Amino acid sequence: MEAAATSKVDVLIIGAGPAGLMLSLWMAKLGVKTRVVDKRTGKIVSGQADGFQCRTLEIFDSFGIGHKVWHEANHMHEVSFWNPDEDGKIRRHHRGPNTQPKLSRFTEAVLHQGRVESILIDTIRASASPKHPLVEIERSVMPTSLHIDESCVDDEDAYPVEVTLRHLTEEEATPTQRLSNLQDGLYRSNLAEDDTERLLANTAGVGREEKVKAKYVVGCDGAHSWVRKTLGEEYQMKGESTDAIWGVLDIIPITDFPDIRSRCMIHSAEFGAMMIIPRENKLVRVYTQLKQVSTGTGRVDRSQITPDVILETARKILSPYTLDYHYIDWWTAYQIGQRVGDRFSKHNRVFLTGDAVHTHSPKAGQGMNVSMGDTYNLGWKLGLVCKKLLQPHVLDTYELERRQIARQLIAFDHKFSRLFSGRPAKDASDEAGSSMSEFQQAFREAQLFITGVGIHYQPSILTSDSDLKGGLQGTETPSQSQVTSLAESAAHCQPGRRFASQIVLSQADARPWELQLHLPSNGRFRVVVFGGDISQATQLATVNKLGGWLQANVLSPTKSPRISLAPGPDPRGGSGSSQWMTDEDPSIVDVLLVHSAPRDKIELLQDLHEVFHPFDKKLGWDYGKVFADDHGKAHKHYGVDPGRGAVVAVRPDGYIGLVTGLQAEDGWTRLQAWFGGLLRPSPSSS
Ligand code: FAD
């Protein structure tokens, strides 16, 4: 073995699945010195996760890649529920929307995980520039030891985590497949043993080893997480497995089943349940309950599981309809279990994300979405802390916010998968059976959670209490009338929820825009000013007074935080992908204005304070920060009274941090205090 070399890095990411790649994307965009290692030779080429929820698509869009996934994916608009009738024959019982309309501008879409990993990797590479180091995915590399120097975890300039990395041989890094001519996902399944221990035990003829000292290490290494196990007993996952075993086939089906291009949840009288997911490129994913391979008491005879066994079971469930195929793309099998970790970080220096801290059944299409949601939440915090723009204690909010989501996910999956795997009740007196109407209702009621748009982070330093009690950060206590007035300022904009999208018109050129496209994921906070009807002189005066106050008191470059007075992002080049935070322009707050006055009654440059159209001597005025709200529809949607207006502070991940009124007495100082609790003073002010 060669001698271990030592290097330093700000962030070391272990695992390049969906969670690791989403984190790598943030690091690449924010220009943070990062290494990403994965023990496999390559990314997934087919199969595995395929369902992208609305919120994930919104997040992709904020990175400028939503359109790619959206165009290539199959969009699932409809879901059908098939249950046995009195004669035991399956019948379509109900057909409805797969995603509740108007929750998002997207609907659930389906594209295989490998393709999405490719899109993420391409975007990570494309983010490199002379100022932003290339974040490369290093394959066939795994950690063999991790040590935290606890004496320096509070020193933000220290590199307290030392990791030994081993470079694997191609043979070690290539997973074994069951069949020589067909890809399977069994090696990643919870029915298979993980190979990490075997690889670690192999000391003969091992490859090069090196030591890396990191400021932060993030375990994105999946359900068998080595990072989690290394952190100790208190990082064990808690939960249980059920007896339910499911097989998965990705095939181009040949069938007379009428709903094969709809999502279907099918319960047969005798042979178990099945789910159909219509995919891209004529593929269909078939999930089939495999009752025959369970040996009871949670044990499974894995040798019995083959694509033919899964197909045979699917045929029985679908009978009298027929099912066959000539082309199969991928297959796997898994056992349903729900487990969640108690702790998601150690000393805010090592973090756990994704399947490394929560595992469950894949049928509600959540794992990859929630895993990327974890690192989307962590990434900007970690990146801005590394760049010394954000106070390190903000990292506490990662565990606070994402553990709550993981627990909700496990509770939802527990209920949903048991109802799905249960035998359909024959009638109301059949207590041992599952009620199919309860199953449909559970699916409908969980829509807000499943789509990801219902996420509501609890109050913290980042997310003010919606009734304002906890949001003052040490400033004055509001009077009851102030509380009522502020709570009504933007009734549908709740701190902790994502800032939803509405169509608004560019003040400068009348182009309609989804407002979310003007909040790209570039590491910046936003102050969205809802000006109301600024054709009224008093309302215009209030908005301009706020503009002047923002510039002078809160956002001045010589105070904290720093405002973006540079021309803002131009989403025209691909959904807000340009104008990333750079070392020359580390501005961290953008200001946008949405007003409900008739557009032709307002002159952008002449009527409005310059904070709403900042000037750059090379690039001129910024015409992209002011929007007219045609007929006040967006104000109505956001719950803003056009006669009063409101101010909404949005975090870099698109979640609302604080809502306040437009008038000074409504609490502009709260806004100042909120930013002051998060951001570090600019060097010029310290
Ligand atoms: P993983 O995807 O497991 O990635 C972990 C990465 O870490 C891998 O690349 C691995 O090689 C690497 N690694 C592991 N150990 C080490 C180590 N010691 N050193 C270095 N690298 C290591 N989710 C959805 O949201 N929607 C769906 O439709 C969906 N469908 C699914 C269908 C099936 C059949 C299955 C099995 C899962 C499905 N999921 C779905 C779940 C989804 O695949 C996972 O939740 C998701 O992949 C988790 O992402 P992750 O990045 O946390 O972990």
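Described in the following lines is the structure provided in the data block. Everything numeric here is computed off the predicted structure, so don't read it as measured data. (Residues numbered from 1 in each chain as written. Predicted model: local features only at pLDDT ≥ 70, side-chain atom pairs only at ≥ 80, totals over all residues. Heavy atoms only, no water.)

Focus on the packing of helix H1 (residues 18-30) against helix H4 (residues 113-126)
Thought 1: Across the interface, H1 lies against H4 with an axial gap of 9 Å and an inter-helix angle of 15°. By the criterion of interaxial angle, the relationship of H1 to H4 is roughly parallel. Judged by the twist between their axes, the crossing of H1 over H4 is left-handed. In this structure, H1 contributes Pro-18, Leu-21, Ser-24, Leu-25, Ala-28 and Lys-29 to the contact, and H4 contributes Gln-113, Glu-117, Leu-120, Ile-121, Thr-123 and Ile-124.
Thought 2: Broken down by class, the residue content of the contact of H1 with H4 amounts to 7 nonpolar, 3 polar and 2 charged. (Axes fitted to C-alpha atoms, helices over the stretch in contact; angles between N-to-C directions. Helix = DSSP H or I, 4+ residues; strand = E, 2+ residues; numbered from the N terminus. Parallel < 35°, antiparallel > 145°, perpendicular 65-115°, else oblique. Left-handed = near helix turned anticlockwise from the far one by under 90°. Contact = heavy atoms within 4.5 Å. Nonpolar A, V, L, I, M, F, W, Y, C, P; charged D, E, K, R; others polar.)

Structural notes on the sheet that holds strand E20 (residues 503-506)
Thought 1: Pairing in this open sheet of 7 strands is mixed, and the strands run E21-E20-E26-E23-E22-E27-E28 from one edge to the other. The open sheet has two edge strands with one neighbour each: strand E21 (512-514) and strand E28 (656-660). Within this sheet the neighbouring strands show an average axis-to-axis angle of 30°, counted without direction.
Thought 2: Strand contacts of helix H17 (residues 668-678): strand E22 (525-532), strand E23 (589-595), strand E27 (646-650) and E28, with the helix running at about 160° to E28, the strand carrying the most contacts. (Pairing = 2+ DSSP bridges.)

So, the nonpolar core
Thought 1: Counting 112 residues, the largest nonpolar core has Phe-60, Leu-146 and Phe-525 as its most contacted members.
Thought 2: Three or more residues apiece are contributed to this core by two domains, here domain 1 (5-74 + 109-239 + 337-442) and domain 3 (465-685).
Thought 3: Beyond its immediate sequence surroundings of up to four residues, Leu-146 is in contact with Val-161, Glu-162, Val-163, Val-217, Trp-226, Val-227, Thr-230, Leu-231 and Val-350.
Thought 4: Val-110, Phe-416, Phe-439 and Ala-446 belong to the second largest nonpolar core, which has 32 residues in total. (Core = buried A, V, L, I, M, F, W, Y, C linked by side-chain atoms within 4.5 Å. Buried < 20%, exposed > 50% of the residue type's maximum accessible area, 1.4 Å probe, protein only. Domains from an automatic or database assignment.)

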